[in-house]
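Each chain, letter by letter, is given below.
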Amino acid sequence: MGTALRGRTVLLTGGSSGIGAATAEVLVRRGCDLVVTGRDEQGLNRVAERTGARTLAADLGSDEGLRRVADRASHAEVLINNAGVGWSGELEAMTGPEVHRLLAVNLTAPVELTRMLLPAMRARGRGHVVFVSSIAAVGVGGEAVYSASKAALRAFAASLRYEISGDGLTVTTVLPGAVRTPFFQRRGLPYERSFPRMLPAEKAAEQLVRAVERGSEEIFLPGWLDLAARFQGVLPGTFHRLGRRFGQVR
Ligand SMILES: NC(=O)c1ccc[n+]([C@@H]2O[C@H](COP(=O)([O-])OP(=O)(O)OC[C@H]3O[C@@H](n4cnc5c(N)ncnc54)[C@H](OP(=O)(O)O)[C@@H]3O)[C@@H](O)[C@H]2O)c1
């Protein structure tokens, strides 16, 4: 079921930068009452100045941060789980705390926020939960833990959809390819491929918001990446061999 956004209370995580900051601008243009979270207070302030959105600085990798975000936006009608971090390199190069932290931010936080906000949505008989996963959910070499977090998020969303659709609640999963944001610089490895070309964050944000308005179950950004995911699903061995040959999967 699609969600008409005008006047809706929206909680957007990871709104201090990149896709989230661009999404905040689109949501405010649509007339939403918006709460934006992140850790970077300067980034949040810039978004607040541009949009008038309310902001909350909190670390979603901590129980305390999660609780503060859930308390602040307990009556959100739309929850957009967008915050996420990358990590690039061989698995053995990753420390245990880095593994835990990535999974906490990319997987535990959206699961927990959804669990905490769902009762109010159910009671109202209306609500929309969005998960920003990634095309990496199909498996990408050098990003094993990141890819696993995004695949798990996709599966969580698909499972949740069985539980709550029909009760006036909708689940949308967004699987971007490459989007021009500080994500790559932060994970320590720039995006160096010429194909697929990077999407501007504004375009990704507009499509994310349209998916909410339409009530789409899953969207890929750009849309043709859907074919890559289907191909991987039908012929995983061939997909892997092609990935090795073209450098996508080591
Ligand atoms: N860019 C791409 O090509 C791409 C592709 C596929 C999927 N994605 C996904 O899209 C989402 C947005 O990424 P982006 O590209 O916009 O990257 P970005 O510019 O680095 O933004 C990431 C956002 O997540 C927030 N965040 C990270 N760690 C956090 C923590 N511990 N607590 C609270 N907030 C935290 C950041 O806020 P603070 O720094 O203020 O904490 C920031 O607002 C992520 O889930 C990412 O995995 C991106």
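Residues numbered from 1 in each chain as written. Predicted model: local features only at pLDDT ≥ 70, side-chain atom pairs only at ≥ 80, totals over all residues. Heavy atoms only, no water.

Colleague: Which parts of the structure should I look at to understand the packing of aromatic side chains?
Modeller: Working definition: an aromatic ring pair is given by the centre-to-centre distance plus the angle between the planes. With the rule as written, the count across this model stands at five aromatic pairs. Here the aromatic rings of Tyr146 and Phe183 are separated by 5.5 Å at their centres, their planes lie at 50°, and the arrangement is tilted. Of the two residues, Tyr146 sits in helix H5 (residues 144–164) while Phe183 sits in helix H6 (residues 183–187), which places them 37 residues apart along the sequence. For the ring pair Phe183 and Phe184, a centre distance of 5.2 Å and an interplane angle of 85° mean the geometry is edge-to-face. In this structure Phe184 comes out as buried when scored by relative accessible area, which is 10%. By way of ring pairs, the aromatic residues Tyr146, Phe183, Phe184 and Tyr191 are connected into one cluster. (Phe/Tyr/Trp six-rings, centres within 6.5 Å; stacked < 30°, edge-to-face > 60°. Helix = DSSP H or I, 4+ residues; strand = E, 2+ residues; numbered from the N terminus. Buried < 20%, exposed > 50% of the residue type's maximum accessible area, 1.4 Å probe, protein only.)

Colleague: Quick question: what am I supposed to make of unusual backbone geometry here?
Modeller: Working note: non-glycine residues mostly have negative phi, and peptide bonds are mostly trans. Looking along the chain, the bond that leaves Leu221 and enters Pro222 is cis, with omega of 0°. Locating Pro222 in the fold gives a position in the loop between strand E9 (218–221) and helix H8 (225–234).

Colleague: Before we go on, may I ask you to explain the pairing of strand E4 (residues 78–81) in this structure?
Modeller: Side chains on a regular strand alternate between the two faces of the sheet. Every second residue of E4 is oriented toward a common face, with Val78 and Ile80 on one face and Leu79 and Asn81 on the other, all of them buried. As defined by bridge partners, strand E1 (residues 9–12) adjoins E4 across three bridges and the pair is classed as parallel. When the bridges of E4 are listed, Leu11 appears paired with Leu79. Bridge count between E4 and strand E5 (residues 127–132): four bridges; the pairing is parallel. By the bridge assignment for E5, Leu79 is matched with Val129. With helix H4 (residues 96–124) bridging E4 and the parallel E5, this β-α-β connection has right-handed handedness. (Pairing = 2+ DSSP bridges. Right-handed = clockwise from strand over helix to strand, strands pointing away.)

Colleague: Whenever I open this one, helix H1 (residues 18–29) confuses me. Can you help?
Modeller: Think of an α-helix as 3.6 residues a turn; residues three or four steps apart then line up on the same face. Its 12 residues give H1 an end-to-end C-alpha distance of 17 Å, which sits within 8% of 16 Å, the value for a rise of 1.5 Å per residue. Burial analysis of H1 places nine of its 12 residues in the buried class, the great majority of the element. Gly31 sits one or two positions beyond H1 and adopts a positive phi of about 90°. (Expected span 1.5 Å × (residues − 1).)

Colleague: Where do I start with the site of the ligand in this structure?
Modeller: Surrounding the ligand, one finds 33 residues, the nearest of these being Ser16, Ser17, Arg39, Tyr146 and Thr181. Within the side chain of Ser17, a nitrogen or oxygen atom sits 2.5 Å from an oxygen atom of the ligand. Leu60 is positioned with one of its backbone polar atoms (N or O) 2.8 Å from a nitrogen atom of the ligand. Its free accessible area being 870 Å², the ligand has 98% of it covered by the protein chains. Listed by contribution, the elements that provide at least two residues to the shell around the ligand are H1, H4, H5 and H6. When residues of the shell around the ligand are assigned to their parent elements, the largest contribution, three residues, is made by H6. In the shell around the ligand, the residues fall into 14 nonpolar, 13 polar and six charged. (Near = heavy atom within 4 Å. Polar contact = N/O pair within 3.5 Å; in protein donor to acceptor, adjacent residues only side chain to side chain. Areas by Shrake-Rupley, 256 points an atom, 1.4 Å probe, with all protein chains shown as cover. Nonpolar A, V, L, I, M, F, W, Y, C, P; charged D, E, K, R; others polar.)

Colleague: What is the right way to read the sheet that holds E5 from this model?
Modeller: Sheets are built from strands that pair by backbone hydrogen bonding, the pairs being arranged parallel or antiparallel. Strand order in the open sheet formed by seven strands is E3-E2-E1-E4-E5-E6-E9, and the pairing between neighbours is parallel. The two strands at the open ends of the sheet, each matched to only one other strand, are strand E3 (54–57) and E9. Across this sheet, the average inter-strand angle for adjacent strands is 15°, counted without regard to direction. Running at roughly 160° to E3, helix H3 (residues 63–72) makes contact with E1, strand E2 (33–38) and E3 of the sheet. Relative to E4, H4 is tilted by about 175°, and along the sheet it contacts E1, E4, E5 and strand E6 (169–176). (Axes fitted to C-alpha atoms, helices over the stretch in contact; angles between N-to-C directions. Contact = heavy atoms within 4.5 Å.)

Colleague: Explain the environment of Met198 to me, please; I cannot follow it from the model alone.
Modeller: Inspection of the secondary structure assignment puts Met198 in the loop between H6 and strand E8 (199–200). Separated by 58 residues in sequence, Met198 and Val140 have C-alpha atoms that sit 17 Å apart. Setting aside anything within four residues of it in sequence, one finds Met198 in contact with Ala178, Val179, Arg180, Phe184 and Tyr191.

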